[in-house]
Amino acid sequence: MQERIRSRAIALLESGACDRVLGWKAGEFFYDVTPAVFTTPEQVGKEFVWGPFCGANLSKYLIQESRKGGKVAAFLKPCDSYSFVQLLKEHRIWRENTYIVGVPCQGMCDIDAIRGQGFKGILSVTEEGEDLEVDTLYGCRAMPRREALAERCLCCKSRKIVLCDERLGPDGEENPNVRFEEVKRLEAMTPQQRYDFWRGELSRCIRCNACRNVCPACSCEKCVFDNPSSGAENKAAADSFEENLFHIIRAFHVAGRCTDCGECSRVCPQHIPLHLLNRKLIQDMNTLYGTYQAGADLDTRPPLVSYTPEDPEPSVVGTIGGRA
């Protein structure tokens, strides 16, 4: 697939269909694959990579790239395409300046999941069908690819590419309900257990803002947490209340717009499962207002900004909120 993607990117540049390409390139480590913009066929041939660690969602980068003039071609995975459509609905991306190439995806790998299988001194990881060949300082050994998948890919909501100008391979299927098992586990806890769980997780936050910066739904020109008049300007948390405040406010800000791409948890250096906050709100909105998937189409209005007479009364909302 890497050569197919490279060839298509080169063809788009050489034909003049676009003047730059948004994709991925190698970072400092082989698993540290990072988004990149390529402007020449030579760059693409030398630096463009596609593999099991291309987990970065490219959609947010199109906010700026689509406004630079000319046309940018972007290679989007299924989860990226949901975020892309949601940003189009919010008028954050200029569609006429983008050319979207859909890339099928069977899930991205997590280096920590591989290490969790007992591998040490890892030098490289290559795909061999349904397995991974893991080369280490101590030799080479295979492992099932599925055991190395990131959590968000193990419970992937959809392998369908929602919107694209062309697709490199067959489209996948939706599977929206498998992702709520972890939320049910949290709901089964007592209120004190849930409080202790989230205090234990959020107390590790160092306020690096990686979650906010990578989140496609966090696209404000100026964040409230960068406003010196807000009282919560970007800084280390002074107490446990501020530790909770940042992430809970952010979760409410993206409610109804979060596509559950999982980027917040992927980039967190403290490994806080931030996606569970968003996923809990998604489940509650599905329960209260009917099933809704952000980014699934360009027309459906999010439930929190569209009133119907069938909407639940505030007392019902409060009951559910108190339970979870």
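Let me sum up the structure you'll find in this document. These figures come from a predicted structure and were not determined experimentally.

Our focus in this paragraph is the packing of helix 10 (residues 240-253) against helix 12 (residues 275-289). Orientation of helix 10 relative to helix 12, taken along the N-to-C sense of each, is 40°, at an axis distance of 10 Å. What the angle tells us is that helix 10 and helix 12 run oblique. Between helix 10 and helix 12 lies a crossing whose hand is right-handed. The segment helix 10 lies against helix 12, with His247, Arg250, Ala251 and Phe252 engaging Leu277, Asn278 and Leu281. Tallied by class, the residues present in the contact of helix 10 with helix 12 amount to four nonpolar, two polar and one charged.

Here we take up the environment of Leu304. Checked against the element boundaries, Leu304 lands in the loop between helix 12 and helix 13 (314-323). Here Leu304 falls in the partly exposed class, since its relative accessible area comes to 46%. As a C-alpha pair, Leu304 and Arg257 span 47 residues in sequence and 9.4 Å in three-dimensional space. With residues near it in sequence (within four places) discarded, Leu304 still touches Ala255, Met285 and Tyr289.

Attention now moves to the pairing of strand 6 (residues 131-136). Side-chain direction in a regular strand flips from residue to residue, so the side chains alternate between the two faces of the sheet. Residues of strand 6 alternate between two faces, with Leu132, Val134 and Thr136 buried on one and Asp131, Glu133 and Asp135 left unburied on the opposite face. With six bridges joining them, strand 5 (residues 122-128) and strand 6 adopt antiparallel strand pairing. Of the residues in strand 6, the one forming a bridge with Glu127 is Leu132. In this antiparallel pair of consecutive strands, strand 6 and strand 7 (residues 139-144), the connection spans two residues.

Thresholds, definitions, all that
Residues numbered from 1 in each chain as written. Predicted model: local features only at pLDDT ≥ 70, side-chain atom pairs only at ≥ 80, totals over all residues. Heavy atoms only, no water. Axes fitted to C-alpha atoms, helices over the stretch in contact; angles between N-to-C directions. Helix = DSSP H or I, 4+ residues; strand = E, 2+ residues; numbered from the N terminus. Parallel < 35°, antiparallel > 145°, perpendicular 65-115°, else oblique. Left-handed = near helix turned anticlockwise from the far one by under 90°. Contact = heavy atoms within 4.5 Å. Nonpolar A, V, L, I, M, F, W, Y, C, P; charged D, E, K, R; others polar. Buried < 20%, exposed > 50% of the residue type's maximum accessible area, 1.4 Å probe, protein only. Pairing = 2+ DSSP bridges.

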